[in-house]
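Residues per chain are reported as follows:
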Amino acid sequence: MQPVTDCNGIPYPVYTTGKVTYCSSVDGARPEGSVSVLKIEISGEKARLPVAGQFFMLRSEKSERLLARPISVFHSERTKHGVSLSFLILLKGKGTQELCVLEADDTVQLLGPLGNVFPQPSDPTGKVLIIGGGIGVAPVAGFAETLPDESYDFIASFKSGSYGLENVRASHLTITTDDGSTGIHGMLPVAIDAEKIKKAGYSSVYACGPASMLAYVKQISEEAGVQCWISMEARMACGVGVCLGCVIPTTEGNLRCCKDGPVFNSKILSFPKPAYAPCFGTAKKAGEPVPQDFKPDMSVTIKGVRFENPVIGSSGTFGFGTEYASVFDVNRLGGIASKGLTLEPRQGNSGIRVWETPSGLMNSIGLQNPGIPHFIEYELPEMLRLKPVTIANLSGSTLETYVEGAKLLEKTAVPLIELNISCPNVAAGGAAFGMSCTAAETVVKAVRAVTEKPLIVKLTPQSPELNDVALSCIQAGADGISLCNSFQGVAIDIETGRPVFDKVKAGFGGPAVRPIAVRLVYELVEAMRILPEEKRVPVIAIGGIAGWRDVVEFIMAGASAVEVGTNTFANPLTMTECIDGLFEFMKRKGFKTIDEMRGLAH
């Protein structure tokens, strides 16, 4: 059965599945393993042979990512049973990583072929120049296959090494590399400029690659008076022109990269300079690498208490620190916040206590804990033997229980108290202490009056006046703010038609809440700017941290430290991986201290 095409002969996209026939890293790509070739076979009536320039949305059937990834077609051919598609994939993030480790017979979901195509040269007798930069070699190499052998010249520019040129049959093939490892040493301008385009008599230019390179190709092509076609890329969600998430500014307005492109006439494109340059620390001088012996200082000090690094085990998810001691070296952590402690022992909530959701976990534990006296006698000594800073998380149900609990902790060697005011005030009808400025200020003042220990106040994101509550806590004597406690959610058991949890509402945490938590931290840091600098306090960020990039994001939003919670259940090594990743990031970027990074986003 022939595929359905539009009036220009371009096949309409379909949603189908294909089988992986080959997946391996590409020889010649540097660093090794940074680029993979993925071959997929589609069988049956949904097999579509793409036209050069088109792409597919690819997603592994066993993917943990929400979105498919747009990948240009490198090579395609008909087979006995359908169509074989080859893709070059640059390892960028988790989505492309999933595609790069597929094995033979794995199933891939495909939507495509998508987008417009490279137009054939208007002058069949003229010579064409094709330019590919890095992974941008893939679509233009696919286009080169549609042209007669030696009817074009091909320039490929890479940072290091070279790849994707096995099907190129150019009259002249030129390779440039930034490091000189292959071909000419240098970037694209060492191989081509406007004068060379004129002298060679090219009738048209086709290009794909990084934006800075494409801006240069546009410039020299137009200076030479030669038609130029450029394949662009953008972040995408749908791939079919619906979501409008991949628009590119042009002289004709915002055009969709997926539907109006990805191939554009260069004359309508503009390449504005990035609004912000990459950030670096003071250990990196302009144009020079960071010294090899550079070692960043990851320590953080909160009210005189020094943490070796800003990564803290979050209260409620890490017990008392010793439970994971046989799983990984807990002494590498900056701090450990204890299980939520109340004056009296608690058995917690009845019924189901944990419920998994997409990218998160709901919980209704109910502050089960042995009580502060028991903690002081048994758990605290064990925590204090560990290297991380011990943080006692103090909870309560009345003002009096908070105060009495603080009095007991004041007499111990615990270096820092985290005051959890997300708890319901049973004496005032059940609303959490942290929901209003008045209640929050009252409890913080009362606790502050009975302890001289550094006091971090943990806030609930449910408060409609969260920043005002935080400022009230600071005014009442808080030495820091931890933000935020669990978000509230409801889960329904569809078989019974009843709420999953006996208390109906439950706490929700995990990667799904991170963008909201980043916003709350960012806004609180902004709100604190009304205070004199000496009265501003550190913010400890909590919410959905699953890797070191999340830690960096919170610090750049203004946090001084972070607490890692739910993801420890998914990956017990999350916190040590965060510490290692943060160290390497600071070293690569030249950040000497956490303070150099903190608040860069403001």
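Throughout this document, residue positions are counted from 1 along each chain, in the order its sequence is written. Totals for whole chains, interfaces and linings use every residue, but because this is a predicted model, local features are given only for residues with pLDDT of at least 70 and side-chain atom pairs only at 80 or more, for both listing and counting. Neither water nor hydrogens contribute to the side-chain values; these are computed over all heavy atoms in the structure.

### Some thoughts on the pattern of salt bridges
Next, step 1: Here a salt bridge means any side-chain nitrogen of Lys or Arg lying within 4 Å of a carboxyl oxygen belonging to Asp or Glu. The tally for this structure, following the rule as stated, stands at 19 salt bridges.
Next, step 2: For Lys303, the salt bridge identified is with Asp479, shortest N-O distance 3.8 Å. Residue Lys303 is located in the loop between strand 17 (300–302) and strand 18 (305–307), and its partner Asp479 is located in the loop between helix 8 (466–475) and strand 26 (480–483); the two are separated by 176 residues in the primary sequence.
Next, step 3: Type-normalised accessible area, obtained with a 1.4 Å probe on protein chains alone, sets the label of each residue: buried when under 20%, exposed when over 50%, and partly exposed for intermediate values. A residue is classified by how much of its surface remains accessible, and Lys303, at 55% relative accessible area, is exposed.
Next, step 4: Of the charged contacts, one joins Glu308 and Arg306 as a salt bridge, the two residues approaching to 2.5 Å between their closest N and O atoms.
Next, step 5: Connected through shared salt-bridge partners, Lys303, Arg448 and Asp479 make up one network. For the purposes of this entry, the term helix denotes a DSSP run of H or I that reaches at least four residues, the term strand denotes a run of E that reaches at least two, and both are numbered from the N terminus.

### Observations regarding the sheet that holds strand 7 (residues 107–114)
Within a sheet, neighbouring strands are paired by backbone hydrogen bonds and run either parallel or antiparallel to one another.
Next, step 1: Strand pairing requires that DSSP identify at least two bridges connecting the strands. Ordered in space as 4-3-7-1-2-6-5, the 7 strands form an open sheet in which the pairing is antiparallel. Strand pairing shows two members of the sheet lacking a second neighbour, strand 4 (69–72) and strand 5 (75–78), which therefore form its edges. Between one strand axis and the next, the sheet turns by 35 degrees as a mean value, whatever way the strands run.
Next, step 2: Inspection of the sheet shows strand 1 (residues 14–25) paired to strand 7 by 6 bridges, in the antiparallel sense. Looking at strand 7, one finds that Thr16 is bridged to Leu110. For helices, the fitted axis covers only the stretch in contact; all axes are lines through C-alpha atoms, and the angles between them, taken along N-to-C directions, range from 0 to 180 degrees.

### A closer look at the pairing of strand 5
Next, step 1: Bridge count between strand 5 and strand 6 (residues 82–90): 4 bridges; the pairing is antiparallel. When the sheet's bridge partners are listed, Arg78 is paired in strand 6 with Val83.
Next, step 2: Adjacent in sequence and paired antiparallel, strand 5 and strand 6 are bridged by 3 residues.

### Concerning empty space enclosed by the protein
Next, step 1: A cavity here means a set of points on a 1 Å grid, drawn over the protein atoms and nothing else, where a 1.4 Å probe fits but cannot get out; a pocket is an open set with protein on both sides within 12 Å along at least five of seven lines, and a residue lines either one if it has an atom within 4 Å of a point. Grid points are joined across faces, edges and corners, and a volume is the space filled by probe spheres set on the points. By the definition in use, this model includes 1 cavity of 30 Å³ or more.
Next, step 2: Looking at the largest cavity, its volume works out to about 40 Å³.
Next, step 3: Considered class by class, the residues forming the lining of the largest cavity number 3 nonpolar, 3 polar and 4 charged. For this scheme, ten residues count as nonpolar: Ala, Val, Leu, Ile, Met, Phe, Trp, Tyr, Cys and Pro. Four count as charged, namely Asp, Glu, Lys and Arg, and the remainder, Gly too, count as polar.

### A few points about the packing of helix 6 (residues 399–410) against helix 7 (residues 437–448)
If you want to describe how two helices pack, look at the angle between their axes and the distance between the axes.
Next, step 1: The interhelical angle for the contact between helix 6 and helix 7, taken along N-to-C directions, is 30 degrees, at an axis separation of 9 Å. On the basis of their axis angle, the class for helix 6 and helix 7 is roughly parallel. The handedness of the crossing between helix 6 and helix 7 is right-handed. For the pair helix 6 and helix 7, contact is made by Leu399, Tyr402, Val403 and Ala406 and by Thr442, Val443, Ala446 and Val447, respectively. Note that the term roughly parallel is reserved for angles under 35 degrees, roughly antiparallel for angles over 145, roughly perpendicular for angles of 65 to 115, and oblique for everything else. Each crossing is labelled by how the near helix is turned from the far one, with a counterclockwise turn of less than a right angle marking it left-handed and a clockwise turn marking it right-handed. Residues count as neighbours in contact if any of their non-hydrogen atoms are within 4.5 Å of one another.

### What to know about a nonpolar patch on the surface
Next, step 1: Residues Val490, Ile492 and Val504 make up a contiguous nonpolar surface patch of roughly 240 Å² in combined accessible area.
Next, step 2: Here Ile492 is to be found in strand 28 (residues 492–493).
Next, step 3: On the basis of relative accessibility, which here comes to 47%, the residue Ile492 falls in the partly exposed class. In this scheme, patches are assembled from residues that exceed 30% relative accessible area and form no salt bridge. Like charges are connected within 9 Å, while nonpolar side chains (Val, Leu, Ile, Met, Phe, Trp, Tyr) are connected within 5 Å. Shrake-Rupley sampling with a 1.4 Å probe provides the accessible areas, and residues are treated as covered by the protein chains on show and by no other component.

Any functional reading would require information that these geometric values do not contain.
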